[in-house]
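Close look at the chain arrangement
Given next are the chains, with one letter for each unit.
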Amino acid sequence: MVAYNKRQEILRPNFQVTKSGESDGAESTAIPVKEFVLDLINQYGGEAVYSVAAVLLCTSVLASYSALHNAASRYLFALGRESIMPQVFGKYHPEFFSPHVASIAVTSVTTLIASGFALSGVDPYKAFAASFIGMGTLGIVALQAAASLSVVAFFRKRRDGQLWQTVIAPTVGFVGLTSAFFLAATNYEILTGTNNQAVNLAPYALLVVGFLGVLKGIHLRRNNPAVYARLASSQLRGRKRTAQ
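A word on the overall build of the protein chain. Of regular secondary structure, the protein chain possesses nine helices and two strands. Ordered by position from the N terminus, the helices and strands of the protein chain form the series α-β-β-α-α-α-α-α-α-α-α. Out of the 244 residues belonging to the protein chain, those deemed buried represent 18%. Just so you have it, the protein chain exposes about 17900 Å², and 64% of that area is on carbon and sulfur atoms.

Below, the discussion takes up the pattern of salt bridges. Applying the stated rule across the entire model yields one salt bridge. Residue Arg81 is joined to Glu82 by a salt bridge in which the shortest nitrogen-to-oxygen separation is 3.7 Å. Given the relative accessible area of 48%, Arg81 is considered partly exposed.

Turning our eyes to something else, we now look at the side chain of Thr166. Mapped onto the elements of the fold, Thr166 is located in helix 5 (residues 163–186). Within the structure, Thr166 has its side chain in polar contact with the backbone oxygen of Gln162 (distance 2.4 Å). Not counting the four nearest positions on each side in its chain, Thr166 is found in contact with Val151, Val152, Phe155 and Gly161.

This paragraph deals with helix 3 (residues 100–120). Compared with the 30 Å implied by 1.5 Å per residue over 21 residues, the 30 Å span of helix 3 between its first and last C-alpha is a close match. Burial in helix 3 covers these residues: Ala102, Ala105 and Val106. Down the axis of helix 3, the smallest arc covering the buried residues is 100°, so these residues share one side. Relative to its buried face, helix 3 has exposed residues pointing more than 90 degrees away, namely Ile104, Ala118 and Leu119. Looking one or two places after helix 3, you find Gly121, whose phi comes out positive at around 80°.

One pass over the full model with this rule turns up three aromatic pairs. For the ring pair Phe154 and Phe155, a centre distance of 5.0 Å and an interplane angle of 85° mean the geometry is edge-to-face.

Right, let's get into helix 8 (residues 202–223). Compared with an ideal rise of 1.5 Å per residue, which puts 22 residues at 32 Å, helix 8 spans 32 Å between its outermost C-alpha atoms and is within 8% of the ideal. Along helix 8, the positions that sit buried rather than exposed are Ala202, Pro203 and Leu220. Looking down the long axis of helix 8, one finds its buried residues gathered within 110° of arc, a one-sided arrangement. For helix 8, the exposed residues lying more than 90 degrees away from the buried face are Tyr204, Leu207, Phe211, Arg222 and Asn223.

This part takes up the nonpolar core. In terms of nonpolar packing, the biggest core is built from six residues, these being Leu76, Phe77, Phe89, Ala102, Ala105 and Val106. Of all the elements in the fold, those that place two or more residues in this core are helix 2 (33–81) and helix 3. Considering every element that reaches this core, the biggest residue donor is helix 3, with three residues. The residues touching Phe77, leaving out its near neighbours within four places in the chain, are Phe89, Gly90, Lys91, Tyr92, Pro99 and Ala102. Formed by five residues, the second largest nonpolar core is a distinct cluster that contains Leu138, Val141, Phe181 and Ala202.

On to unusual backbone geometry, then. In this model, Ser83 sits at a positive phi of 65°, which is unusual for a non-glycine residue. Following the sequence through the fold, Ser83 ends up in the loop between helix 2 and helix 3. Phi is positive for Phe97, close to 55°, though the residue is something other than glycine. Structurally, Phe97 is set in the loop between helix 2 and helix 3.

Along the chain, the position of Ser148 falls in helix 4 (residues 124–155). Relative accessible area serves as the criterion here: at 13%, Ser148 is assigned to the buried category.

The subject of this paragraph is a nonpolar patch on the surface. Residues Leu57, Val61, Tyr65, Leu68, Ile133 and Ile140 make up a contiguous nonpolar surface patch of roughly 530 Å² in combined accessible area. Ranked by residue count, the leading element in the nonpolar patch is helix 2, at four residues. Its place among the elements puts Leu68 in helix 2.

Calculation criteria
- Residues numbered from 1 in each chain as written.
- Predicted model: local features only at pLDDT ≥ 70, side-chain atom pairs only at ≥ 80, totals over all residues.
- Heavy atoms only, no water.
- Helix = DSSP H or I, 4+ residues; strand = E, 2+ residues; numbered from the N terminus.
- Buried < 20%, exposed > 50% of the residue type's maximum accessible area, 1.4 Å probe, protein only.
- Areas by Shrake-Rupley, 256 points an atom, 1.4 Å probe, with all protein chains shown as cover.
- Salt bridge = Lys/Arg side-chain N within 4 Å of Asp/Glu carboxyl O.
- Polar contact = N/O pair within 3.5 Å; in protein donor to acceptor, adjacent residues only side chain to side chain.
- Contact = heavy atoms within 4.5 Å.
- Expected span 1.5 Å × (residues − 1).
- Arc of directions from axis to C-beta.
- Phe/Tyr/Trp six-rings, centres within 6.5 Å; stacked < 30°, edge-to-face > 60°.
- Core = buried A, V, L, I, M, F, W, Y, C linked by side-chain atoms within 4.5 Å.
- Patch = residues over 30% accessible without salt bridge, like charges linked within 9 Å, V, L, I, M, F, W, Y side chains within 5 Å.

Structure follows, in structure tokens:
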């Protein structure tokens, strides 16, 4: 218990900062990382640097959200193309070749969830952002671990595999990523920065979704072997030539 409490204090995302201008016996104050960094920028860089940092922070968050939206849309597009999800999600735009149906679906679900949080009156930073950023991080780590394991499984019965590329490297990656996943899941309140029980129960949702995915795969293999056999098969599409 003592060791666990010490680990909590080491990993807690706070800094102990002694107030300047006071005596040596001054009390230290725990300042959250986000305020600590921005305050330092304002203190040592001035208002101009602080304003630039704030703009860069906003644009980086926007870029992150755009990347996550793009990844989610393409995952849904791939699931629709493989007939795991409704095939309408597997359609792409005839001119731009973008997964527009899947993108609209992700936008709609995101809007509904954000509206629900807004109507409930919960803190947008401590509940909404913390829960979904933390869950997204865990989900990406879990997907990367599964992808590493799938490389080993795919080349296990093939003769064109190479020891380092198809066995050793992906196995090391799987072990490392799996360890990171369980460390993050067991210390989820540190990852999210909140003690909200509803937020910190989010990792269990990933386990439920993963279990349902396994059941879906078993169901496909038994009841629709043709669809199961086509999973992850590549199909190239031709791009229309534009007039010069």
